[in-house]
Amino acid sequence: MTRETLTIIDNRTGKTYEAPIEHGAIRATDLRKIRISEDDFGLMSYDPAFMNTASCRSTITYIDGDKGILRYRGYPIEQLAKRSTYLGTAYLLLHGELPTATELNDWTWQITHHTWIHENMKKFMDGFHHDAHPMGMLISSVAAFSTFYPEAKDGNRETRHLQIVRLIAKMPTLAAFAYRHSRGLPYAYADNDLTYTGNFLNMLFKTTEVKYKPDPILEKALEVLFILHADHEQNCSTNAVRSVGSSQVDPYCAVAAGTAALYGPLHGGANEEVLKMLQVIGSKDRIPEFIKQVKEGKGRLMGFGHRVYKNYDPRAKIIKQMADEVFSVTRPNPLLPIALELERIALQDEYFVSRRLYPNVDFYSGLIYQALNFPMEMFPVLFAIPRTSGWLAQWQEMRLDPEQKIARPRQVYLGPSERDYVPIGRRDAGAQRP
Ligand code: CMC
């Protein structure tokens with residue numbers, strides 16, 4: 001009978017250790033018993049970017065990066081994008097099962113009736129400079145919610161649920177207010193007759209019409225984009241939410257941390273970078289020169305590569321298919337032919353092939369957002385809105401996990417050993433440096 005264990009021989013001491021393997025992992029804490037002496041802290045694993053470290057056990061999202069598979073709670077992303085709504089998908093992520101018709105109605109009602117934000121939040125928003133990046137505004141205003149809902153610190157089920165509803169409902173309002181602030185437009189309030197995405201478009205783009213009517217194709221496109229972005233297991237921002245949330249801070253602060261992580265150009269800021277890159281390339285004939293520079297290490301091909309996907313990102317496939325439909329009702333995006341050609345050339349190039357670099361979700365999403373009239377600074381915001389449901393599902397799972405303690409990694413200390421303080425008058429470089 002095969003044993004589900006790992007045998008480790010420490011060649012420093014000749015001792016043998018056995019560590020149980022469960023679900024394809026050993027516990028890093030099992031390594032602690034491997035020591036040279038009694039004063040040794042024990043062996044650690046060193047993994048600064050979590051390249052091969054599972055930080056949790058989760059039942060929410062499954063990715064097979066080699067096969068290009070993404071599933072929420074077991075359901076393939078392709079089926080959800082085709083048949084579900086964003087709120088139905090958010091329900092699935094949070095509750096583990098697809099909602100029945102009654103459950104979906106109730107859930108939608110709750111979200112729809114929590115879209116307003118406290119009027120003082122508008123004053124807070126007004127304090128930002130006219131050209132403040134909406135993502136910076138979003139990060140700070142989500143954190144500011146923590147001061148409006150002090151009960152959010154309580155961990156009981158009802159309180160938790162209420163904060164989840166509030167966050168999913170209010171993120172589009174904050175995002176739309178941030179956008180309108182940057183345009184100098186009056187804030188527009190929610191219209192409860194509209195869908196989640198339809199209402200978001202209303203809060204963004206409504207001007208003097210009595211009733212804003214979203215274009216159904218654009219509303220649907222946004223719905224699909226929101227489904228695709230809802231969760232992606234332990235990505236950088238989700239890890240931030242879990243890590244900060246493990247201190248048992250309220251979910252507004254934890255989600256603010258996730259939003260901040262998402263702002264970075266290697267994460268949610270990548271689609272903005274893709275458009276800038278396509279604009280710099282400017283025309284198809286300049287692609288080979290651009291690729292040459294990337295291969296020489298002068299910059300990256302933004303929207304390409306992924307820590308987990310070593311195949312075509314399934315989300316990118318869906319977005320690429322959707323592009324034609326969107327461009328049929330908007331003006332065509334002149335950057336699209338450049339993107340298509342860039343992809344074609346990169347996918348045949350040995351540099352990208354050997355490193356298994358494929359288009360990721362951000363490669364085409366920016367082109368669609370641009371066609372929908374969103375300014376580039378709004379792109380990461382459009383990522384943060386739907387990712388909120390994923391962050392909260394992961395946050396909730398973390399809070400309910402009896403094994404979860406405060407996240408507190410260890411380190412490999414390489415600094416000086418103990419030395420005596422040198423008074424300032426006697427500090428010359430040679431005397432201090434070991
Ligand atoms: N262009 C050129 N070379 C690349 C790229 C790229 N986009 N991505 C990775 N490489 C190279 C990299 O230089 C390295 O080469 P070498 O082995 O010769 O040193 C190799 O491929 C492995 O890259 P890595 O940086 O070690 O991989 P990683 O897993 O740490 O990084 C990534 C993943 C997404 C940060 C990276 O692929 C990247 O910077 N891509 C561009 C930014 C981007 O599109 N980000 C959006 C990610 S998807 C949305 C999300 O999850 O937020």
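How each quantity is defined
- Residues numbered from 1 in each chain as written.
- Predicted model: local features only at pLDDT ≥ 70, side-chain atom pairs only at ≥ 80, totals over all residues.
- Heavy atoms only, no water.
- Domains from an automatic or database assignment.
- Contact = heavy atoms within 4.5 Å.
- Buried area = accessible area lost by both parts, 1.4 Å probe.
- Salt bridge = Lys/Arg side-chain N within 4 Å of Asp/Glu carboxyl O.
- Polar contact = N/O pair within 3.5 Å; in protein donor to acceptor, adjacent residues only side chain to side chain.
- Nonpolar A, V, L, I, M, F, W, Y, C, P; charged D, E, K, R; others polar.
- Near = heavy atom within 4 Å.
- Areas by Shrake-Rupley, 256 points an atom, 1.4 Å probe, with all protein chains shown as cover.
- Helix = DSSP H or I, 4+ residues; strand = E, 2+ residues; numbered from the N terminus.
- Buried < 20%, exposed > 50% of the residue type's maximum accessible area, 1.4 Å probe, protein only.
- Core = buried A, V, L, I, M, F, W, Y, C linked by side-chain atoms within 4.5 Å.
- Patch = residues over 30% accessible without salt bridge, like charges linked within 9 Å, V, L, I, M, F, W, Y side chains within 5 Å.
- Pairing = 2+ DSSP bridges.
- Phe/Tyr/Trp six-rings, centres within 6.5 Å; stacked < 30°, edge-to-face > 60°.
- Lys NZ or Arg CZ within 6 Å of the ring centre and 35° of its normal.

A. Examining the domain arrangement of the chain more closely. In terms of domain boundaries, the chain breaks down into domain 1 (5-45) and domain 2 (70-416). Computed over C-alpha atoms only, the centres of domain 1 and domain 2 are separated by 40 Å. With four residues of domain 1 at the contact, the number on the domain 2 side is four residues. For the pair domain 1 and domain 2, the two sides together bury roughly 380 Å², of which 44% comes from carbon and sulfur. Where domain 1 packs against domain 2, one counts one salt bridge. As a salt-bridge pair, Glu403 and Arg27 come within 2.9 Å of each other at their nearest N and O atoms. On the surface where domain 1 and domain 2 come into contact, there are one residue pair in polar contact (both at pLDDT 80 or more). Grouping the constituent residues of the side of domain 1 that touches domain 2 by class yields two nonpolar, no polar and two charged.

B. Spatial organisation of the site of the ligand. Residues in close proximity to the ligand total 19 residues, the closest being His267, Arg300, Leu301, Gly303 and Arg307. A distance of 3.0 Å separates a nitrogen atom of the ligand from a polar atom in the side chain of Tyr351. Against a free-state accessible area of 930 Å², the protein chains account for coverage of 73% of the ligand. For the shell around the ligand, the residue count by class is nine nonpolar, six polar and four charged.

C. Local environment of the pattern of salt bridges. Tallying each qualifying case throughout the model produces 20 salt bridges. The shortest N-O distance in the salt bridge between Asp193 and Lys211 comes to 2.7 Å. Of this pair, Asp193 sits in the loop between α6 (157-183) and α7 (196-205) while Lys211 is found in the loop between α7 and α8 (216-229), placing the two residues 18 residues apart along the sequence. Classification of Asp193 by relative accessible area gives exposed; the value is 62%. A relative accessible area of 38% places Lys211 in the partly exposed class. In this structure, the salt-bridge partner of Arg315 is Asp313, at a minimum N-O distance of 2.8 Å. The same class applies to Arg315 and to Asp313, which are both buried. A single salt-bridge network, built from bridges that share partners, covers Glu22, Arg27, Arg57 and Glu403.

D. Region of the structure containing the nonpolar core. Core analysis: the largest hydrophobic core is formed by 114 residues, its most contacted members being Trp107, Phe200, Met277, Leu278, Leu301, Leu342 and Phe374. Of the residues forming this core, the biggest block, twelve residues, is contributed by α6. Filtering out sequence-adjacent residues up to four positions away, Met277 remains in contact with Phe290, Arg300, Leu301, Met302, Leu342 and Phe363.

E. Region of interest: a nonpolar patch on the surface. On the surface, Met44, Tyr46, Val412 and Leu414 cluster together into a nonpolar patch covering about 480 Å² of accessible area. Position of Leu414 relative to the elements: it lies in the loop between α17 (379-400) and α18 (429-432).

F. Molecular detail of the pairing of strand β2 (residues 15-20). Taken together, the six bridges between strand β1 (residues 5-10) and β2 define a ladder with antiparallel strand orientation. Across the sheet, Ile9 pairs through a bridge with Thr16, a residue of β2. Hairpin connection, β1 to β2: the antiparallel pair is bridged by four residues, and Gly14 has positive phi, about 80 degrees.

G. Up close: the sheet that holds strand β5 (residues 75-76). Spatially, three strands are ordered β3-β4-β5 in an open sheet, and the strand pairing comes out antiparallel. Each having just a single partner strand, β3 (61-64) and β5 make up the two edges of the open sheet. Note that strand β4 (residues 69-72) and β5 share two bridges and pair antiparallel. Within β5, the residue paired with Arg71 across the bridge is Pro76.

H. Broad picture of unusual backbone geometry. One non-glycine residue with positive phi stands out, namely Arg73, at about 50 degrees. Within the secondary structure, Arg73 sits in the loop between β4 and β5. At Arg356, a residue that is not glycine, the phi angle is positive and equals roughly 55 degrees. Of the residues examined, Arg356 reaches a relative accessible area of 36% and is grouped as partly exposed.

I. Here's a closer look at the packing of aromatic side chains. Scanning all chains against the criterion turns up 21 aromatic pairs. A ring pair is formed by Phe177 and Tyr187, whose centres lie 4.4 Å apart and whose planes are at 15 degrees; its orientation type is stacked. Of this pair, Phe177 sits in helix α6 while Tyr187 sits in the loop between α6 and α7; the two residues are ten residues apart in sequence, bridging distant segments of the chain. Across this residue pair, the class does not change: Phe177 and Tyr187 are buried. Seen from their ring centres, Tyr369 and Phe374 are 6.2 Å apart, and the 90 degrees between their planes marks the pair as edge-to-face. Each residue in the set Tyr86, Tyr179, Tyr196, Phe200, Phe205, Phe226, Tyr369, Phe374 and Phe379 is aromatic and connected to the rest through ring pairs, giving one cluster. If you follow Arg355 out to its NZ or CZ, it ends over the ring of Tyr351, 3.8 Å from the centre.

J. Just helix α14 (residues 336-346), in detail. Along α14, the residues that are buried comprise Leu336, Ile338, Ala339, Glu341, Leu342, Glu343 and Ala346. For α14, the elements touching its buried residues are α11 (270-281), α12 (287-295), α13 (314-329), α15 (350-354) and α16 (362-371).

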